[in-house]
Amino acid sequence: MKIVCVGGGPAGLYFAISLKRRDPAHDITVIDRDPPGATYGWGVVYWDDLLDILYGNDPESARAVRAGSVLWRGQAIHVGDRTAHFGGYGFSMGRAALLDVLSRRATDLGVDVRHGREVHDLSGFGDTDLIVAADGANSRVRQLGDHGFGTSVALGENRYIWLGTDQVFTRFTFAFEHTAAGWIWFHAYPSVAGKISTCIVECQPHTWHELGFDSLGDPENLRVLENIFTRVLGGHSLISKARGEFAKWGRFPEITNKTWYHDNVVLLGDAAHTTHFTIGSGTRLAIVDAVALAQNLYEHAEVADALENYDAQRRAALRPIQAAARASMVWFEHADRYLDRSAVQFAYAMAARHGPQVPWRYQAHLLTQVPAVRKVRRVMDSGHRWWRAARRGELAVAPPAPRPPPEPVPTDQSCSDPRRGNSPPS
């Protein structure tokens, strides 16, 4: 088949990789409006389940993604000068680095990746068997013509801005600060090891207006935010410019579509759906879409059958995820209802925002606030991470094996065993 994928983000590139891996005979072109290395945003966050998918689908690009990622362990929730803790771990990676890995892998597999080209209409694709719209939440392809996708866009109430910072966070960090205009907070995680972290600032609309963000210039916006978060940022700077432009405040768009395909056009990733950033699933869902579409095209002789099955599978899988994301977005729109509590109680309310919890979970949360318990949890997490990595074949070398019993040492000399175990993946 001749396939054109509009959009060179994770969804489009990984779809091309996935289909080429299944059938190299396909003629696949990926068209991206930006030049190589240019992207919006700073970093993406993910967990073991995405690594499982990547290693199962294309081990070569999976190894490159893992090598370029940062491991973060534990979560800190700062409420003013008080702090609560969550356990767990995850991974994060600079978005530009991720796109570079995927672009190089796609090119190596024979995909024609074209940068710096805008697609204004579909008139030039008359001989194309399939057009994949992977051009984001504001998808131009989705809006062209009367494709009947049944698109709905619902904007969240809160204002948010996606920034970077040269403060290097080693944990997933939430910081809530009270101002005369109300509460404002950020979600932050490492993006480039030892250099840059992603920092998404969010607040309610009345706070945004009262702090003047609707009228301040871009540099003044940053200075106000740096002053508000100076305690957690430790005097470090916020970074706004990406692709030569300052980041802008916005309202999160929840995108839904009644169908994800029409004729020979199919939606992928954010063009088909969005989920609020507070559940951190955007990149994972885009990649799962990509794998599912590639697999259906591989399994079905007719494109129409493949698209119908892909649509049914992925829309059904997305319904509960989008519901959870919507609940999370609404909870943060009313976060001030819970911020009069202690940091520990507030953190638990945040963790339980998706629904009722069994009683013992609160007791476990209280235990997590004890440093010794967190240390034990960290060791357990390391073991679990080793197990997951070994199961998916991630480890290039095996973990340390038990040493054999020492051999007798001659009485006229001494010796030492220079062998050392290998460290677990970082």
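Preceding this paragraph is the structure being described.
The following refers to the structure shown. (Residues numbered from 1 in each chain as written. Predicted model: local features only at pLDDT ≥ 70, side-chain atom pairs only at ≥ 80, totals over all residues. Heavy atoms only, no water.)

### Describing the sheet that holds strand β2 (residues 27-32)
The six strands lie next to each other as β6-β2-β1-β7-β16-β15, forming an open sheet whose pairing is mixed. The open sheet has two free edges, formed respectively by β6 (112-115) and β15 (261-262), since each of these has just one partner strand. Here β15 runs beside strand β16 (residues 265-267); their pairing, made up of two bridges, is antiparallel. When the bridges of β16 are listed, Y261 appears paired with V266. (Pairing = 2+ DSSP bridges. Helix = DSSP H or I, 4+ residues; strand = E, 2+ residues; numbered from the N terminus.)

### Considerations on the packing of aromatic side chains
Taken as a whole and judged by the stated rule, the model has 21 aromatic pairs. An angle of 65° between the planes, with centres 5.3 Å apart, marks the rings of W72 and F172 as edge-to-face. With W72 in strand β4 (residues 70-79) and F172 in strand β10 (residues 172-179), this pair connects stretches of sequence that are 100 residues apart. Per residue, the accessibility class of W72 equals that of F172, and both read buried. These aromatic residues form a ring-pair network of at least three members: F176, W185, W331, F332, Y338 and F346. The side chain of R385 reaches across the aromatic face of Y89, ending 5.7 Å from its centre. (Phe/Tyr/Trp six-rings, centres within 6.5 Å; stacked < 30°, edge-to-face > 60°. Buried < 20%, exposed > 50% of the residue type's maximum accessible area, 1.4 Å probe, protein only. Lys NZ or Arg CZ within 6 Å of the ring centre and 35° of its normal.)

### Focus: helix α3 (residues 59-67)
Turning to α3, its buried residues are S61, A62, V65 and R66. Mapping the buried residues of α3 onto a view down its axis gives an arc of 135°, with all of them on the same face. Elements that come into contact with the buried residues of α3 comprise α1 (10-22), β3 (43-46), α2 (48-57), β5 (82-94) and α4 (95-108). (Arc of directions from axis to C-beta. Contact = heavy atoms within 4.5 Å.)

### Examining the sheet that holds β5
Taken together, eight strands build an open sheet; the order of strands is β3-β5-β4-β10-β11-β12-β9-β13 and the sheet is mixed. For this open sheet the edge positions go to β3 and β13 (238-239), each flanked by a neighbour on one side alone. In the sheet, β10 pairs with strand β11 (residues 182-192) via seven bridges, with the strands oriented antiparallel. Its bridge partner lying in β11, A175 is registered against F186.

### Some words on the pattern of salt bridges
Applying the stated criterion across every chain yields a total of 21 salt bridges. A salt bridge links D49 to R284; the nearest nitrogen and oxygen atoms lie 2.8 Å apart. Of this pair, D49 sits in helix α2 while R284 sits in helix α9 (residues 282-299), and the two are 235 residues apart along the sequence. Given a relative accessible area of 25%, R284 falls into the partly exposed group. With its nearest N and O atoms 2.8 Å apart, the salt bridge here joins E394 to R392. By relative accessible area, E394 is classed as buried at 10%. The network of salt bridges with shared partners includes D48, D52, R66, R388, R391, R392 and E394. (Salt bridge = Lys/Arg side-chain N within 4 Å of Asp/Glu carboxyl O.)

### Regarding the pairing of strand β9 (residues 159-165)
For β9, the buried fraction is high: six of the seven residues fall into the buried class. Here seven bridges tie β9 to strand β12 (residues 196-203), and the two strands are oriented antiparallel to one another. Bridge pairing links W162 to I200 in β12. For β9 and β13, the ladder comprises two bridges, and the chain directions are antiparallel. Paired with T165 across the strands is L238, a residue of β13.

### Some points on the environment of R95
Inspection of the secondary structure puts R95 in helix α4. The exposure class of R95 is buried, given its relative accessible area of 9%. As for R95 and R66, which are separated by 29 residues in sequence, their C-alpha atoms are 13 Å apart. If we skip the residues at most four places from it in the chain, R95 touches G9, P10, T39, Y40, W42 and G43.

### Notes on the packing of α1 against α2
Between α1 and α2, the shortest axis-to-axis distance is 11 Å and the interhelical angle comes to 35°. Of the residues in α2, those touching α1 at Y14, S18, R21 and R22 are I53, L54 and N57. Taken together, the residues of the contact of α1 with α2 sort by class into three nonpolar, two polar and two charged. (Axes fitted to C-alpha atoms, helices over the stretch in contact; angles between N-to-C directions. Nonpolar A, V, L, I, M, F, W, Y, C, P; charged D, E, K, R; others polar.)

### Section: the side chain of S197
Positionally, S197 belongs in strand β12. Under the relative-accessibility criterion, S197 is labelled buried at 0%. For S197, the side chain forms a polar contact with the main-chain oxygen of Q167, separated by 2.8 Å. Beyond its immediate sequence surroundings of up to four residues, S197 is in contact with L163, G164, T165, Q167, V168, F169, Y189, P190 and S191. (Polar contact = N/O pair within 3.5 Å; in protein donor to acceptor, adjacent residues only side chain to side chain.)

### Some points on the environment of L99
With respect to the element layout, L99 can be found in helix α4. The exposure class of L99 is buried, given its relative accessible area of 12%. Sequence separation between L99 and G8 is 91 residues, and the spatial gap between their C-alpha atoms is 7.9 Å. Dropping the residues within four chain positions of it, L99 is found in contact with G8, G9, P10, L13 and T39.

### Some remarks on the pairing of β11
Extensive coverage of β11 is indicated by the burial of ten of its eleven residues. Remark: two residues form the turn of the hairpin made by β10 and β11, two consecutive strands paired antiparallel. Pairing of β11 with β12, which is carried by eight bridges, proceeds in the antiparallel orientation. From the neighbouring strand, I184 faces β12, where its bridge partner is C203. The antiparallel pairing of β11 with β12 creates a hairpin that spans three residues between the two strands, and G194 there sits at a positive phi of about 75°.

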